[in-house]
Amino acid sequence: MEFSELIRTGQAQAELLRGPEAPPLRGTLCVTGHHLLLSPGPQATPDLWLLLLRSVDSIEKRVAGDCGTITLRCKDLRVLQLDIEGVEATLNIARSIEALSSLESVITSFPFFYRPKGLRLGDAWHFHPPERYYKRVAREVLLRSSQPLIGPQKRRCAEDEALLRAVLAGSRPGARGFIVDTRSAQTAKQARMTGGGTEAKAAYPGWKRLHRPLERGRPLQESFVHLVEACGDLEQSMDHWLSRLAGCRWLAHVKEALSTACLAAQGMEREGACILVHGAEGTDSTLVVTSLAQLILDPSSRTMAGFQELVEREWIQAGHPFQLRCAHSAFSHARPKHEAPTFLLFLDCVWQLGRQFPLSLEFGEGMLLALFDHAYASPFGTFLCNSEQERCLCEVRTRTHSLWSGLNQLKEQRKLRNPLYVPNPLALWPSVEPQSLRLWQGLFLRWTRPPEPSEAAWEKVWQIVTDQEKTEGSQPTVSASELQL
Amino acid sequence: MEHIRTTKVEQVKLLDRFSSSNKALTGTLYLTATHLLFIDFHQKETWILHHHIASVEKLALTTSGCPLVIQCKNFRTVHFIVPRERDCHDIYNSLLQLSKQAKYEDLYAFSYNPKQNDSERLRGWQLIDLAEEYQRMGVPNSNWQLSDANRDYKICETYPKELYVPRIASKPIIVGSSKFRSKGRFPVLSYYHQSKEAAICRCSQPLSGFSARCLEDEHLLQAISKANPANHYMYVVDTRPRLNAMANRAAGKGYENEDNYSNIRFQFVGIENIHVMRSSLQRLLEVSGSRGLSVGDLYSGLQSSGWLRHVQAVLGAAVVLAKAVTTESASVLVHCSDGWDRTSQVCSLGSLLLDPYYRTVRGFMVLIEKDWISFGHKFSERCGHLDGDPKEVSPVFTQFLECVWHLTEQFPQAFEFNEAFLLQIHEHIHSCQFGNFIGNCQKEREELKLKEKTYSLWPFLLEDRVKYLNPLYQPQAQEFAVLEPNTVSFNFKFWRNMYHQFDRTLHPRQSVFNIIANMNEQNKQLENDIKDLESKATNE
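Residues numbered from 1 in each chain as written. Chains lettered and ligands numbered in written order. Predicted model: local features only at pLDDT ≥ 70, side-chain atom pairs only at ≥ 80, totals over all residues. Heavy atoms only, no water.

Worth spelling out the cut-off: UniProt positions are given in the numbering used here, feature names are shortened, and annotations may be inferred rather than shown by experiment.
An unreviewed UniProt entry lists chain B under the name Myotubularin-related protein 6 isoform X2, with Camelus ferus as the source organism. Here chain B is described in UniProt, under the heading Sequence similarities (unreviewed entry), as follows: "Belongs to the protein-tyrosine phosphatase family. Non-receptor class myotubularin subfamily."

Chain A has the name Myotubularin-related protein 9-like isoform X3 in an unreviewed UniProt entry, where Camelus ferus is given as its organism. Listed under Sequence similarities (unreviewed entry) in UniProt, the entry text for chain A is "Belongs to the protein-tyrosine phosphatase family. Non-receptor class myotubularin subfamily."

This is the structure we're talking about:
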C-alpha cells in the first residue's frame, strides 16, 4: 500500500495554535506518510514543526467562509488547533490525517523507517535474560502467571500443583506462599464458567489465596477519559472539579494498585513468603502489581538502567498487549475495544512513589512522561506489537530502533534523571492514605497549566546540585537518617 | 496549680490514628502548669501546650483502659489510653480547666520567661516598626498624610492610633465618615503602590440602610479617588456575597450606592462569613481525620466542606485588587461587615501579590503586624484564647496562611520563606506564648501592657531564620515582581502539611526541601571558604 493514496492534499497555508502559553506558528502545512509538518516561511525561524501522525487521538474539523479549523487531540493529551486557508484543503487534510493516523499495519509504521543519526540498529535491544525478581539471600520468590484453567468441572492439574509445591520446597523449609488474585473472589469464581478460575485451597497446600480486586479494561479506560475531560475544563467551579475528581475514581485505582503491590511486597519482606500474582490473563493488573512490588523491594530496579530493565521484562517481554491497550488515548470517540491505561496506572503509581521518596529513584518525572508518550506513539520500536511472538514475526528488534538507546543518549539525561538521587538500600513503603496521594499534575495538566514556575524551580535544583558536585567533587551527602524517616 | 490533681500517670498508651496496625506507644504522661507531656519508652517527648487544646473527650471504658482524645488547635489529635479510669478522669478534669482561661493575665505569655532582660525584650518589640513600613511604601507624601484623629482611640476603638488618610480629607470629614461606618471603621490607607500612585484602602460597611447618605463619607471616598493622580475612578470591593450585604440593609447597614458616590465602581466578590468558614473547616477536619478513608470520601468531603471553594474566593478577591492597581492604576477600597476578617485577608493578600517585600521573612512579619494585628483582627476571639463565645471563633487567619501557601506552591521561587515558617506562625497565634496575638485590638493590647509583660514572637523567629528559608528563592527575578496567580480550580489542593502536620505516617518519607537547603548551605559555606582563602592568599 502506498501512503500517497491516502494523502489528498499535499500542502496548505495554516496557523498552528498550541495552547495558551506558546505563540502561534504560521507557515506551510504538509502531510507526509507519517508526519504532519509545518514549515514557517523563510523570514521566520527555520525550525520545522513536526507531529507524528500516529500520536493523533481524535480529529475534529470545522469550516467557515473560505477557511477551516482542525482540532487535533493527541495521545499525549495535547490539544492543537490548525487554522487552514481553503475549505477543500481543510477537508482533504483532515481526511488524510484521519486515514494515516489509524493505520493498523505494524511493519509500515514509522519506527520501521526511523533512522536517527548517532544510533545503530540493534543497540540496546539486548538486556539480561528475563528473570523474576529473586532475593538470593532470603530465598523468597515473586511469581506471576495467568489464571488456572479450572473450568466448571473443577479440573485439577498435577503438573501445576507440583510446580507450586516445588516453589515452596525451593524456598526455606516451612515456607508459605500467598496467591494474590487481582480479581474479586466472585469474579474469580465466575471465571470458571468460561474455563478459567482460581486455585482451590485443597489442591495447593501451603498456599493461601488473597483477593484484591483491581480495576481493568473498560472501566479503567473510562476513568482515564473522565479524568482527562475534567482536566481540560478551565472554567469549572471548585465543586464541579472536586466531584469529577472523586467521580472518575482514577486516584482510587492508584490507591488500590499501590496497596496491592505493598501487600505482595510485605508478604515477601516481612513474612518471608513466596508470592504468586495473577488475574485472568496475567498481562495487565498482574504486571502492575509485580513491577511495583519490585520497585518497593529492590533498589537495583530504581536506577535508570534497572527501571528500563524492569519495564522491558515486566511489561514488554511479559506480553502486555501495548498495541491493543494504547491504540487510543483519552480523546478518541471510537468505542473502546481493548484500550486500557494499565501502563499509565503503573507510571502514576511510580510517580506517587517518587513523590514520597524523592531521593530514592534515579529517574525523574521526565522519564515517566517519556514512557507514557512513547507507549502511545513513538518513532522507536520498543512498544510495538502485543507480544514477543508478534515482535519476532515483524522483526522489530532488527528493523527498528530501541527506545532505550534513544533515551540513553547524553542530551536526554537532564530531562530524565532525578538530580537528587542517592541509592537507598531499604524497601520503600509508601503511604496509601488518600491524603498522601495526589493528582499527577505533570501529566494530566501538562498542557493546561503554565509550566514556567515549576520548570524554573527544577532548573534551580539542578544548578544547586551541580554546584554541590563541583565544590565537593562527589555525590551529594545524605546521612542514613534522611534515607527513611 | 489548684487544677492539677494528678501530675504523673504511668503505662499510658498513645495510639497512632492513621496506622492500620493499631500500633501504640507506651509511656508516661505528665501534667505541668503549662503543658501535657508524654514520654514514650524510646524517650521521645510529645509536648502539648494547654492553650493548644481545643477539646478533650473521655470515651467509654475499654478492656485496655480509659481512652482520652485531645484535639488541638494546631490540628494535632492525640488518642491516649489511660489504664485506670480514675487517673483518666483527673487528667480530663484538669485539662478542661487548664485549656480554658477566664483572664488574659492567666495566659502563658504572662509567665513565659525566655531569660531576656528588659532592654532585650523592648528591642524585640521594636523590631517591626509600622511607621518605618509606611515610609517604605512612600507615605506621607503630597497626597497622603498621617492623621492624628484617632490619637486616643476616640473615633475608632479597634483601629490603631496612626492612620494614613488623603491629605485633602479634613478632620470633620473623617469624624463624619466614621459615624457612618460600622464600629467607626472609616476608610484608611492599607497599602500604597508608589510607582502607580494607587492605594489599597480599607473600612467597614456603611450604615446606609435602604437610603441613608452621609456627605462626609462621600467626600472621603472622593478624596481617596483624588489622591490618585493616575486614575480618577476607584473600585469599591465589598468582599461579602451580594445577598448577605443586602440583608444587612434591613439592619441599617449595607453597601455603597453607586449613584451617591462619584466615580466609584462597586463590586461584590462573594466571600462567606466567619460562621460559614468555621463549619466548613470543621467538616473538612471531620472527613480528613476519619480512619480508613477512601479516595472518594476525601474528595467528596473536600467538596461538601466547601473549604477549597472559600480559599479560591479569598485568593480570587486578592487578584481583583492586584489587577486594578497594576493594569488600571486604580485605587481600591475594600470592606466586609466590620472590616476585620475578610477585609484583612483580602488587603494583605493583595499587598503580597503586589509587593515582593511582603514575600520576605521580615516583610511577612510586617504584613501581619499591619493588616492583621494593628487593624484589629480579633485574634483572641477568633482563636478562642479565653473561655468565651464559641460563635466568635473562626479560622480566618488560618485561611489567610493557606492562601499564602497556595501562592508558594504556584510560585516556588517567589518567597523567601518556606512552609515551616507559615506553620510556625500558625502554631503561635494559638500558643499565647508571645504577646503579639493576644487581645483583639491595639487599645486592648496597650491596656494589657503586653509590651512590658510579654515577649514578641518575631525576634525568636528571626533567630531561627535559617530553618524558615526557601532554598529556591530568587529575589531578583523580574517575573515575580507582581504575582499573577491562576485561580483555576485544579490549582487548589488539600494542605496536608497543615491539617495533618502531626500525622507523620501520611507524609513523604524523604524531604527534597531539607536536602536542597542543606546543599545550599554547604555550597555557601564552601564559597565563603574559597573567598577567605583567596583574600588570605592576596594579602600574603
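We are not done yet, so read on.
1. What to know about the overall build of chain B
Worth spelling out the cut-off: Helix and strand definitions here come from DSSP, where helices need a minimum of 4 consecutive H or I residues and strands a minimum of 2 consecutive E residues; each element is numbered from the N-terminal end. Partly exposed residues are those whose accessible area sits between 20% and 50% of the maximum for their type, while under 20% is buried and over 50% is exposed, using a 1.4 Å probe and protein chains only. Accessible areas in this description were obtained via Shrake-Rupley with a 1.4 Å probe; residue shielding takes into account the shown protein chains only. The charged-residue count follows a simple rule in which Lys and Arg add positive charge and Asp and Glu add negative charge, with His and chain termini not counted at all. In this description, the location of a charge corresponds to atom NZ of lysine, CZ of arginine, CG of aspartate or CD of glutamate.
On a plain count of helices and strands, chain B comes out with 19 helices and 14 strands. If one aligns the C-alpha atoms of chain B with their principal axes, the spans along those axes are about 80 × 75 × 55 Å. A buried classification covers 59% of the 540 residues belonging to chain B. Split by element, the accessible area of chain B, about 22300 Å² in all, is 48% carbon and sulfur. Distance between charge centres in chain B, computed from 61 positive and 61 negative side chains, equals 4 Å.

2. A word on the side chain of Glu 402 of chain B
Let me state the cut-off plainly: In the sections that follow, a salt bridge refers to a side-chain nitrogen of Lys or Arg positioned within 4 Å of a carboxyl oxygen of Asp or Glu. Polar contact criterion, stated in full: a pair of N or O atoms within 3.5 Å, where within protein one must be able to donate a hydrogen and the other to accept it, and residues adjacent in sequence count only if both atoms are side-chain atoms. Any two residues whose heavy atoms approach within 4.5 Å at even a single point are treated as in contact.
For Glu 402 of chain B, the location among the structural elements is in helix α13 (residues 396-410). Buried charged residue Glu 402 of chain B carries no salt bridge. Nearest counter-charge: Arg 438 of chain A, at 9.8 Å. At 2.6 Å, the side chain of Glu 402 of chain B forms a polar contact with the side chain of Tyr 499 of chain B. The residues contacting Glu 402 of chain B, other than those within four sequence positions of it, are Trp 307, Leu 308, Val 311, Lys 493, Trp 495 and Tyr 499 of chain B.

3. Focus on the pairing of strand β12 (residues 234-238) of chain B
All names here are of chain B. Put simply, the rule reads: Whether two strands pair depends on DSSP finding at least two bridges between them. Consider the strands pointing away from the viewer: the crossover is right-handed when the path from the first strand over the helix to the second runs clockwise.
Judged by how many residues are buried, β12 sits mostly within the fold: 5 of 5 residues are covered. The pairing of β12 with strand β13 (residues 264-268) spans 5 bridges and is parallel. Within β13, the residue paired with Tyr 235 across the bridge is Arg 265. Taken together, β12, helix α6 (residues 242-249) and β13 constitute a β-α-β crossover, and its handedness is right-handed. Of the strand pairs in this sheet, β12 and strand β14 (residues 331-335) are connected by 5 bridges, and their pairing is parallel. Bridging from a neighbouring strand, Val 236 pairs with Leu 333 of β14.

4. A few points about the packing of helix α9 (residues 307-328) of chain B against α13 of chain B
Residues and elements named next belong to chain B. This is how it is decided: Working convention: axes come from line fits to C-alpha atoms, limited for helices to the stretch in contact. Angles between N-to-C directions cover 0 to 180 degrees. Any angle between 65 and 115 degrees counts as roughly perpendicular, while under 35 counts as roughly parallel, over 145 as roughly antiparallel, and the rest as oblique. Residues are sorted three ways: Asp, Glu, Lys and Arg are charged, Ala, Val, Leu, Ile, Met, Phe, Trp, Tyr, Cys and Pro are nonpolar, and all the rest, Gly among them, are polar.
At a minimum axis separation of 10 Å, α9 and α13 run at an interaxial angle of 75 degrees. Our classification of the angle between α9 and α13 gives roughly perpendicular. Here Trp 307, Leu 308, His 310, Val 311, Val 314 and Leu 315 of α9 come into contact with α13, specifically with Gln 399, Glu 402, Cys 403, His 406 and Leu 407. Class assignment for the residues of the contact of α9 with α13 results in 7 nonpolar, 3 polar and 1 charged.

5. Looking at the layout of surface pockets
All names here are of chain B. Quick reminder of the rule: Using a 1 Å grid laid over the protein atoms alone, points where a 1.4 Å probe fits but cannot get out form a cavity; open sets with protein on both sides within 12 Å along at least 5 of 7 lines form a pocket; any residue with an atom within 4 Å of a point counts as lining. Grid points are joined across faces, edges and corners, and a volume is the space filled by probe spheres set on the points.
Each pocket or cavity is described by its volume, and for the second largest pocket that value is around 1300 Å³. Ala 54, Gln 71, Cys 72, Lys 73 and Gln 282 are, among the 49 residues lining the second largest pocket, the residues nearest its centre. Looking at the lining of the second largest pocket, the elements that each hand over two or more residues are β5 (53-58), β6 (66-72), β7 (77-82), α7 (274-288), α12 (379-382), α13 and α14 (419-431). Take the lining of the second largest pocket: its biggest share by element is 6 residues, from α7. Of the residues belonging to the lining of the second largest pocket, the class tally is 18 nonpolar, 18 polar and 13 charged.

6. Thoughts on the interface of chain A and chain B
We apply this condition: The term buried area refers to how much accessible surface (probe radius 1.4 Å) is lost by two components on association, counted for both of them together.
With 56 residues of chain A at the contact, the number on the chain B side is 46 residues. Summed over both sides, the interface of chain A with chain B buries roughly 4500 Å², with 62% coming from carbon and sulfur. Our count for the contact surface shared by chain A and chain B stands at 2 salt bridges. Viewed at the interface, chain B and chain A are joined by 13 residue pairs in polar contact (both at pLDDT 80 or more). Among the elements that take part in the side of chain A that touches chain B, helix α17 (residues 452-472) of chain A stands out by supplying 12 residues, more than any other. A per-class count over the side of chain A that touches chain B returns 30 nonpolar, 16 polar and 10 charged.

7. Let's talk about the packing of aromatic side chains
Threshold: Note on ring pairs: Phe, Tyr and Trp rings are taken, using the six-membered ring of Trp, and paired if centres are within 6.5 Å. Classes follow the plane angle, with under 30 degrees stacked, over 60 edge-to-face and the rest tilted. In this scheme, Lys NZ or Arg CZ marks a charge over a ring once it lies within 6 Å of the ring centre and within 35 degrees of the ring normal.
Applying the stated rule across the entire model yields 48 aromatic pairs over all chains. Between Trp 351 of chain A and Trp 440 of chain A the ring centres are 5.9 Å apart and the planes differ by 20 degrees, which places this aromatic pair in the stacked class. Of the two residues, Trp 351 of chain A is situated in helix α10 (residues 342-356) and Trp 440 of chain A in the loop between α15 (413-416) and α16 (441-444); the sequence distance between them amounts to 89 residues. Both residues of the pair, Trp 351 of chain A and Trp 440 of chain A, belong to the buried class. On the numbers, 5.4 Å between centres and 45 degrees between planes, the contact of Phe 38 of chain B with Phe 80 of chain B is tilted. Of this pair, Phe 38 of chain B sits in strand β3 (residues 35-40) while Phe 80 of chain B sits in strand β7, and the two are 42 residues apart along the sequence. Given a relative accessible area of 1%, Phe 80 of chain B falls into the buried group. Feature note: the residues Phe 364, Trp 372, Phe 379, Phe 397, Phe 400, Phe 415, Phe 417, Phe 421, Phe 437, Trp 458 and Tyr 468 of chain B constitute an aromatic cluster, connected by ring pairs. If you follow Arg 73 of chain A out to its NZ or CZ, it ends over the ring of Phe 331 of chain A, 5.9 Å from the centre.

8. Re the nonpolar core
Worth spelling out the cut-off: Nine residue types can take part in a nonpolar core, namely buried Ala, Val, Leu, Ile, Met, Phe, Trp, Tyr and Cys, and a core is a set of them joined through side-chain atoms within 4.5 Å.
One finds Phe 307, Phe 346 and Phe 444 of chain A together with Phe 364 of chain B to be the most contacted residues of the largest nonpolar core, which totals 218 residues. Looking at this core element by element, the count peaks at 12 residues for α9 of chain B. In contact with Phe 364 of chain B, not counting residues within four places along its chain, are Leu 352, Tyr 357, Tyr 358, Phe 400, Leu 401, Val 404, Phe 417, Phe 421, Leu 422 and Ile 425 of chain B. Ranked by size, the runner-up nonpolar core spans 26 residues in total, among them Phe 3, Leu 29, Trp 49 and Leu 51 of chain A.

9. As for the UniProt feature "binding site: substrate" (unreviewed entry) in chain B
Residue and element names in this part refer to chain B. When the UniProt feature table is mapped onto this chain numbering, "binding site: substrate" (unreviewed entry) sits at Asn 273, Ile 274, Cys 336, Ser 337, Asp 338, Gly 339, Trp 340, Asp 341 and Arg 342. Sequence-wise these annotated residues cover 70 residues; spatially they are packed, their C-alpha atoms never more than 12.1 Å apart. Looking at the element boundaries, Ile 274 is found in helix α7. Under the relative-accessibility criterion, Ile 274 is labelled buried at 13%. The contacts of Ile 274, once residues within four sequence positions are left out, are Asp 341, Arg 382, Lys 391, Glu 392, Ser 394 and Val 396. For Arg 342, the location among the structural elements is in helix α10 (residues 342-354). When its relative accessible area of 9% is taken as the criterion, Arg 342 is described as buried. Look past the residues within four positions of Arg 342 in its chain and what remains in contact with it is Thr 239, Arg 240, Pro 241, Ile 271, Glu 272, Asn 273, Cys 336 and Ser 337.

10. Notes on the sheet that holds strand β1 (residues 8-15) of chain B
All names here are of chain B. The sheet built from 7 strands is open, its strands ordered β4-β3-β2-β1-β7-β6-β5 with antiparallel pairing. Two strands in the sheet have a free side with no partner beyond their single neighbour: β4 (45-49) and β5. Each adjacent strand pair in this sheet contributes to an overall mean axis angle of 30 degrees, direction not counted. In this sheet, strand β2 (residues 24-31) lies alongside β1 in antiparallel orientation, the contact comprising 6 bridges.

11. Overview of the environment of Val 393 of chain B
All names here are of chain B. Following the sequence through the fold, Val 393 ends up in the loop between α12 and α13. Under the relative-accessibility criterion, Val 393 is labelled partly exposed at 29%. Note: C-alpha distance between Val 393 and His 275 (118 residues apart in sequence) is 8.3 Å.

12. A short note on the sheet that holds β14 of chain B
Residue and element names in this part refer to chain B. Read from one edge to the other, the open sheet built from 5 strands follows the order β10-β11-β14-β12-β13, with strand pairing classed as mixed. Each of the sheet's edge strands pairs with one partner strand only, and the pair in question is β10 (188-193) and β13. The mean angle between the axes of side-by-side strands here comes to 20 degrees, regardless of whether they run parallel or antiparallel. Sitting on the sheet, α10 is in contact with β10, β11 (198-203) and β14, with an inclination near 165 degrees to β11.

13. What to know about the side chain of His 335 of chain B
Residues and elements named next belong to chain B. The residue His 335 is located in strand β14 in this model. Judged by relative accessible area, His 335 falls into the buried class, the value being 0%. Polar side-chain contacts of His 335 include one of 2.9 Å to the side chain of Glu 256.

14. Examining empty space enclosed by the protein
Residues and elements named next belong to chain A. The tally for this structure, following the rule as stated, stands at 5 cavities of 30 Å³ or more. The space that makes up the largest cavity amounts to roughly 220 Å³. Elements with a contribution of two residues or more to the lining of the largest cavity: α9 (322-325) and α11 (365-376). Looking at the lining of the largest cavity residue by residue, the classes come out as 13 nonpolar, 5 polar and 3 charged. Taken as a whole, the second largest cavity spans an internal volume of roughly 120 Å³. Phe 3, Gly 33, His 34, Leu 52, Leu 53, Arg 54, Leu 100, Leu 103, Ser 105, Thr 108, Ser 109 and Phe 110 are the residues that line the second largest cavity. Looking at the lining of the second largest cavity residue by residue, the class counts come to 6 nonpolar, 5 polar and 1 charged.

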